[in-house]
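Okay, here's what each chain looks like letter by letter:
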Amino acid sequence: MRIFRPFLASGWLFPGALFRIKTGEKLLCITFDDGPNQISTPAILKTLEEQNIKALFFCKGENAERYPHLIQRILKEGHLTGNHSYSHPDGWFTGVKQYTDDVEKAAKYIPGRYFRPPYGRLKIGQYLKLRSCYKIVFWDIMPYDFDNTFSREETLGVLLRLIRPGSVIALHDSEMSSSPLFLDSFIREARGRGYKFILPE
Ligand SMILES: [Zn+2]
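Please read all numbers here as calculations on a predicted model, not as lab measurements.

The rules behind each value
Residues numbered from 1 in each chain as written. Predicted model: local features only at pLDDT ≥ 70, side-chain atom pairs only at ≥ 80, totals over all residues. Heavy atoms only, no water. Helix = DSSP H or I, 4+ residues; strand = E, 2+ residues; numbered from the N terminus. Rg over C-alpha atoms; globule rule 2.2 N^0.38 Å. Buried < 20%, exposed > 50% of the residue type's maximum accessible area, 1.4 Å probe, protein only. Areas by Shrake-Rupley, 256 points an atom, 1.4 Å probe, with all protein chains shown as cover. Pairing = 2+ DSSP bridges. Donors = N, O, S within 2.8 Å, 3.2 Å for Na, K, Ca; no water. Salt bridge = Lys/Arg side-chain N within 4 Å of Asp/Glu carboxyl O. Axes fitted to C-alpha atoms, helices over the stretch in contact; angles between N-to-C directions. Parallel < 35°, antiparallel > 145°, perpendicular 65-115°, else oblique. Left-handed = near helix turned anticlockwise from the far one by under 90°. Contact = heavy atoms within 4.5 Å. Patch = residues over 30% accessible without salt bridge, like charges linked within 9 Å, V, L, I, M, F, W, Y side chains within 5 Å.

Peer 1: Please set out the overall build of the protein residue by residue, giving values where relevant.
Peer 2: From N to C terminus, the protein includes 8 helices and 7 strands. For 201 residues, the compact-globule estimate of 2.2 N^0.38 gives 17 Å, and the protein sits close to it at 16 Å. The dimensions of the protein, computed from C-alpha atoms along their principal axes, are 45 × 40 × 35 Å. Looking at the protein as a whole, 53% of its 201 residues are labelled buried. Total accessible area computed for the protein in this model is approximately 9900 Å², and 53% of it derives from carbon and sulfur atoms.

Peer 1: Outline the pairing of strand β6 (residues 168-172), supporting the account with residue identities and numerical values.
Peer 2: Among the 5 residues that make up β6, 5 are buried, leaving the element largely enclosed by the rest of the structure. Going residue by residue along β6, you find Val168, Ala170 and His172 tucked away on one face and Ile169 and Leu171 tucked away on the opposite face as well. Across 5 bridges, strand β1 (residues 27-33) lies against β6 in parallel orientation. Of the residues in β6, the one forming a bridge with Thr31 is Ala170.

Peer 1: Quick rundown of the coordination of the zinc ion? Include the residues and the values.
Peer 2: Four donors placed tetrahedrally around a metal ideally meet at 109.5 degrees, and six donors placed octahedrally ideally meet at 90 or 180 degrees. At the metal site, the zinc ion is ligated by Asp34 (OD), His84 (NE2) and His88 (NE2), and these contacts range over 2.0 to 2.1 Å. All donors of the zinc ion belong to a single chain; written as a sequence motif, their spacing is D-x49-H-x3-H. Of this pair, Asp34 sits in the loop between β1 and α2 (40-51) while His84 sits in the loop between β3 (80-83) and α5 (96-107), and the two are 50 residues apart along the sequence. Assigned by exposure class, Asp34 and His84 land together as buried.

Peer 1: Lay out the pattern of salt bridges in plain terms, naming residues and giving numbers.
Peer 2: What the rule picks out here adds up to 11 salt bridges. Between Arg5 and Asp140 there is a salt bridge whose closest N-O contact spans 3.0 Å. On the criterion of sequence distance, the pair formed by Arg5 in the segment before α1 (8-13) and Asp140 in the loop between β5 (135-136) and α7 (152-162) is long-range, its members being 135 residues apart. With its nearest N and O atoms 2.7 Å apart, the salt bridge here joins Arg73 to Glu77. Linked by salt bridges that have partners in common, Arg5, Asp140 and Arg164 make up one network.

Peer 1: Describe the packing of α7 against helix α8 (residues 179-192), with residues and values.
Peer 2: The contact between α7 and α8 brings their axes to 10 Å, and the two run at 30 degrees. One finds that α7 runs roughly parallel with respect to α8. For the pair α7 and α8, the crossing hand works out as right-handed. On the side of α7, the interface is formed by Arg152, Thr155, Leu156, Leu159 and Leu160, while α8 contributes Leu181, Phe182, Ser185, Phe186 and Glu189.

Peer 1: Mind laying out a nonpolar patch on the surface, listing which residues take part and the relevant values?
Peer 2: A cluster of nonpolar side chains, Trp12, Leu13, Ile124 and Leu128, forms an exposed patch at the surface whose accessible area comes to about 440 Å². Every element with two or more residues in the nonpolar patch is listed here: α1 and α6 (124-130). Inspection of the secondary structure assignment puts Leu128 in helix α6. Owing to a relative accessible area of 45%, Leu128 belongs among the partly exposed residues under this scheme.

Structure follows, in structure tokens:
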């Protein structure tokens, strides 16, 4: 079963975290997890530049360490980077200290004050530690662009069906992601419906 929105209780468990921007206006925020990547990052940046949109890249420390020039390019082109941990641990199965050490290690390679937990899984203890240094960002829609059994048309369909004012959209910046293939169509279609794209505050 694919679940495109976070569970309702998540907002209650993590009251200071961002799931959806509070606005009545047709504003959307696009985020990309797991990069940077030599193949997908340049493709995504090209579309964003052509469409004149800024996005938030939640990078994995391992990849940021390997491709520092891509981190520099993301920032130089006006986008933001956020911390997505160093080694992508699952918060539910990782101790608080081990988890926050991993995030701290990633921070050496990724500037920014945003953090997104891998898999969206975070224990309360980890949340309480991290929220003093980071704005924790979950999402309003995750359309399974990373799932190669889910076609790009299906992914695009989910996005177009579920967007609403303030949606934070979680896409992926990785070789298996279908995002580079539908990003341009999605942006054009959403704009046609009156949506604008912004970064979080
Ligand atoms: Zn991830």
